[in-house]
Amino acid sequence: NSFCTLLSCPKPNMFRASFVARKQLQPLGERVLVKRMAAAKETKSGILIPEQVAGKVNEATVVAVSAGTKDWTPTVKVGDTVLLPDFGGNAVKMEGVEYHLFDEASLLGIVQN
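One structure accompanies this document, and this report is about it. Here the structure is a predicted model, which is why all the values come from computation and not from measurement. (Residues numbered from 1 in each chain as written. Predicted model: local features only at pLDDT ≥ 70, side-chain atom pairs only at ≥ 80, totals over all residues. Heavy atoms only, no water.)

1. Here's the deal with the layout of surface pockets
Filter applied, for reference: Cavities and pockets are defined on a 1 Å grid built over the protein atoms alone: a cavity is a set of grid points where a 1.4 Å probe fits but cannot escape, while a pocket is an open set with protein on both sides within 12 Å along at least five of seven lines, and lining residues are those with an atom within 4 Å of any such point. Grid points are joined across faces, edges and corners, and a volume is the space filled by probe spheres set on the points. Working definition: helices are DSSP H or I runs of at least four residues, strands are E runs of at least two. Numbering for both runs from the N terminus. When residues are grouped by polarity, Ala, Val, Leu, Ile, Met, Phe, Trp, Tyr, Cys and Pro land in nonpolar, Asp, Glu, Lys and Arg in charged, and all others, Gly among them, in polar.
In this structure, the largest pocket occupies an estimated 240 Å³ of space. Around the largest pocket sit 12 residues that line it, and Lys 23, Gln 24, Leu 25, Val 63 and Met 94 are the ones nearest its centre. Secondary structure elements with two or more residues in the lining of the largest pocket: β2 (59-65) and β5 (97-103). Tallied by class, residues from the lining of the largest pocket come to seven nonpolar, two polar and three charged.

In structure tokens form, the structure reads like this:
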């Protein structure tokens, strides 16, 4: 229409990306969704560490926890830092970010700051 032409209205798809809802995963059963912390890329003295040597970090931040039931109450909450076992869990990739699903019983502990 001529009104938009005079005021240079935005294109119809211009703001589409800002309204896309982020996917959320709600774990089922007695599971916890975590995001592993990134391995250190350099030492405190500034020496760079190659990715092959750095290995995987066994600490993660809790992103989501399944709802409790009458038989089970979660002991971790969103935002907790937990210690993960060397093996186990299921890798889940959402929107380019890798998360891991663990049974809460397999978590080794909560890291206190």
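Text resumes after the structure shown.
2. Describing the pattern of salt bridges
If the charged atoms of two oppositely charged side chains come close together, the side chains can form a pair. Operational definition: Criterion for a salt bridge: a side-chain nitrogen of Lys or Arg within 4 Å of a carboxyl oxygen of Asp or Glu. For every residue, the accessible area obtained with a 1.4 Å probe (protein chains only) is divided by the maximum for its type, and the residue is called buried under 20%, exposed over 50%, and partly exposed between those limits.
Counted according to the given criterion, the structure contains two salt bridges. When the shortest N-O distance is used, the salt bridge between Asp 80 and Lys 77 registers 3.2 Å. Residue classification places Lys 77 among the exposed positions, given a relative accessible area of 54%.

3. Details of the pairing of β5
The criterion, for reference: Paired strands are those between which DSSP finds at least two bridges.
Sheet analysis places strand β1 (residues 31-36) next to β5, joined by four bridges and oriented antiparallel. Residue Arg 31 lies in a different strand from β5, and its bridge partner there is Asp 103. A loop of two residues connects strand β4 (residues 90-94) with β5, the two strands running antiparallel in sequence, and Glu 95 in this loop sits at a positive phi of about 50 degrees.

4. Things to note about the side chain of Arg 36
For the record, the criterion: Charge assignment in this entry is limited to Lys and Arg as positive and Asp and Glu as negative, and neither His nor the chain termini are counted. Two residues qualify as a contact provided that any one of their heavy atoms is within 4.5 Å of a heavy atom in the partner residue.
Take Arg 36: it is sitting in strand β1. An unpaired buried charge is present at Arg 36: no salt bridge exists, and Glu 98, the closest side chain of opposite charge, is 6.1 Å distant. Aside from chain neighbours lying at most four places away, what touches Arg 36 is Lys 56, Val 57, Asn 58, Glu 59, Ala 60, Leu 84, His 100 and Phe 102.

5. Here's the deal with the environment of Lys 41
By secondary structure assignment, the location of Lys 41 is in the loop between β1 and α2 (51-54). With a relative accessible area of 64%, Lys 41 lands in the exposed category. Setting aside anything within four residues of it in sequence, one finds Lys 41 in contact with Ile 47, Leu 48 and Ile 49.

6. A closer look at the nonpolar core
Which entries qualify depends on this criterion: We call a set of buried Ala, Val, Leu, Ile, Met, Phe, Trp, Tyr and Cys residues a nonpolar core when their side-chain atoms join them within 4.5 Å.
By size, the foremost hydrophobic cluster in this structure holds 11 residues: Val 32, Val 34, Ala 60, Val 62, Val 65, Trp 72, Val 76, Val 82, Leu 84, Phe 102 and Leu 107. Those elements that place two or more of their residues in this core are β1 and β2. No other element matches the three residues that β2 contributes to this core. Once residues within four sequence positions are removed from consideration, Ala 60 is found in contact with Val 34, Lys 35, Arg 36, Met 37, Asp 80, Thr 81, Val 82 and Leu 84. Counting five residues, the second largest nonpolar core, distinct from the first, contains Leu 33, Ala 64, Met 94 and Leu 101.

7. Side note on the side chain of Glu 104
Inclusion rule: Under this definition, polar contacts are N or O atom pairs within 3.5 Å; protein pairs additionally need one hydrogen-donor-capable and one acceptor-capable atom, and for neighbouring residues in sequence, both atoms have to be side-chain atoms.
Positionally, Glu 104 belongs in the loop between β5 and β6 (109-110). For the buried residue Glu 104, which engages in no salt bridge, the nearest side chain bearing the opposite charge is Lys 77, 11 Å off. From its side chain, Glu 104 meets the backbone nitrogen of Val 76 in a polar contact 3.1 Å long. Setting aside its immediate chain neighbours within four residues, Glu 104 contacts Glu 30, Arg 31, Val 32, Trp 72, Thr 73, Pro 74, Thr 75 and Val 76.

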